[in-house]
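Reading the structure
What follows is each chain in one-letter form.
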Amino acid sequence: MNYRGYLFAIISSILVGLHIFTFKYIEKYNKLYYLIFLSLSVLLWICSRYFLYISNKTLDIVLVHLFLTCSIFVTLILSMIIYKPNYDIVRMIIGIILAIFGVYLVDTSIKTNN
């Protein structure tokens, strides 16, 4: 099994989550910090696309895209840490477990030609 593709897909997902979270975080600061966070957001987007490209070389595109959608976990965790919204933590943990189980099911359903 090639773990390198999985690693790059996960890194890309984390970078996309950070990229998306910076949009909300930008609203808190003045013009100077706005430009810094905007530049950081663009850099994160570019880096995520590079890691996506690398992971596409070894993984099925469906699986790479599935990992990419897991970027919502990054935005969720950052939102919980920084904004401290009132979530029902039990339902949230159940939802995360179901989502991870779904990723596992899709991963194991893809047949390789090896």
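Located above this text is the structure these notes cover.
In what follows, the accompanying structure is described. (Residues numbered from 1 in each chain as written. Predicted model: local features only at pLDDT ≥ 70, side-chain atom pairs only at ≥ 80, totals over all residues. Heavy atoms only, no water.)

A short note on the packing of helix α4 (residues 71–82) against helix α5 (residues 89–109)
Put simply, α4 and α5 touch, their axes get as near as 12 Å, and they point 160° apart. With respect to α5, the axis of α4 lies roughly antiparallel. Between α4 and α5 lies a crossing of left-handed hand. Contact residues: F73, L76 and M80 in α4; I89, M92, I96, A99 and I100 in α5. The residue inventory of the contact of α4 with α5, partitioned by class, reads eight nonpolar, no polar and no charged. (Axes fitted to C-alpha atoms, helices over the stretch in contact; angles between N-to-C directions. Helix = DSSP H or I, 4+ residues; strand = E, 2+ residues; numbered from the N terminus. Parallel < 35°, antiparallel > 145°, perpendicular 65-115°, else oblique. Left-handed = near helix turned anticlockwise from the far one by under 90°. Contact = heavy atoms within 4.5 Å. Nonpolar A, V, L, I, M, F, W, Y, C, P; charged D, E, K, R; others polar.)

Concerning unusual backbone geometry
Of note, the phi angle at K84 is positive, near 50°, even though the residue is not glycine. Within the secondary structure, K84 sits in the loop between α4 and α5. A relative accessible area of 61% places K84 in the exposed class. (Buried < 20%, exposed > 50% of the residue type's maximum accessible area, 1.4 Å probe, protein only.)

With respect to the nonpolar core
Counting eleven residues, the largest nonpolar core consists of Y6, A9, V16, L52, L59, L63, V64, F67, L68, C70 and V103. With four residues, helix α3 (residues 61–69) is the largest single contributor of residues to this core. In contact with L59, not counting residues within four places along its chain, are G5, Y6, A9 and V64. In terms of nonpolar packing, the next biggest core, distinct from the first, is built from six residues, F21, I26, F37 and L78 among them. (Core = buried A, V, L, I, M, F, W, Y, C linked by side-chain atoms within 4.5 Å.)

Quick look at the environment of T108
Its place among the elements puts T108 in helix α5. As for T108 and L63, which are separated by 45 residues in sequence, their C-alpha atoms are 9.9 Å apart.

Considerations on the packing of aromatic side chains
In the structure shown here, the tally under the stated rule is seven aromatic pairs. Their ring planes at 85° and their centres at 5.3 Å tell us that Y25 and F37 sit as a pair that is edge-to-face. Taken together, the residues Y25 in helix α1 (residues 3–26) and F37 in helix α2 (residues 31–58) connect sequence positions twelve residues apart. Each member of the pair, Y25 together with F37, is buried. Of the aromatic side chains, those joined through ring pairs into one cluster are F21, Y25, F37 and Y83. (Phe/Tyr/Trp six-rings, centres within 6.5 Å; stacked < 30°, edge-to-face > 60°.)

Points about a nonpolar patch on the surface
A cluster of nonpolar side chains, Y34, L35, L38, V42, W45 and I46, forms an exposed patch at the surface whose accessible area comes to about 540 Å². With respect to the element layout, W45 can be found in helix α2. (Patch = residues over 30% accessible without salt bridge, like charges linked within 9 Å, V, L, I, M, F, W, Y side chains within 5 Å. Areas by Shrake-Rupley, 256 points an atom, 1.4 Å probe, with all protein chains shown as cover. Salt bridge = Lys/Arg side-chain N within 4 Å of Asp/Glu carboxyl O.)

So, the side chain of S71
Relative to the elements of secondary structure, S71 occurs in helix α4. Those residues within four positions of S71 in sequence are excluded, and the remaining contacts are S13, V16, G17 and I20.

A short note on the packing of α1 against α4
At a minimum axis separation of 7 Å, α1 and α4 run at an interaxial angle of 45°. Relative to α4, the element α1 lies oblique. Where α1 crosses over α4, the handedness of that crossing is right-handed. In this structure, α1 uses S13, I14, V16, G17, L18, I20, F21 and Y25 to contact α4, whose residues at the interface are S71, V74, T75, L78, S79 and I82.

Function cannot be read off these values alone, since they describe shape.
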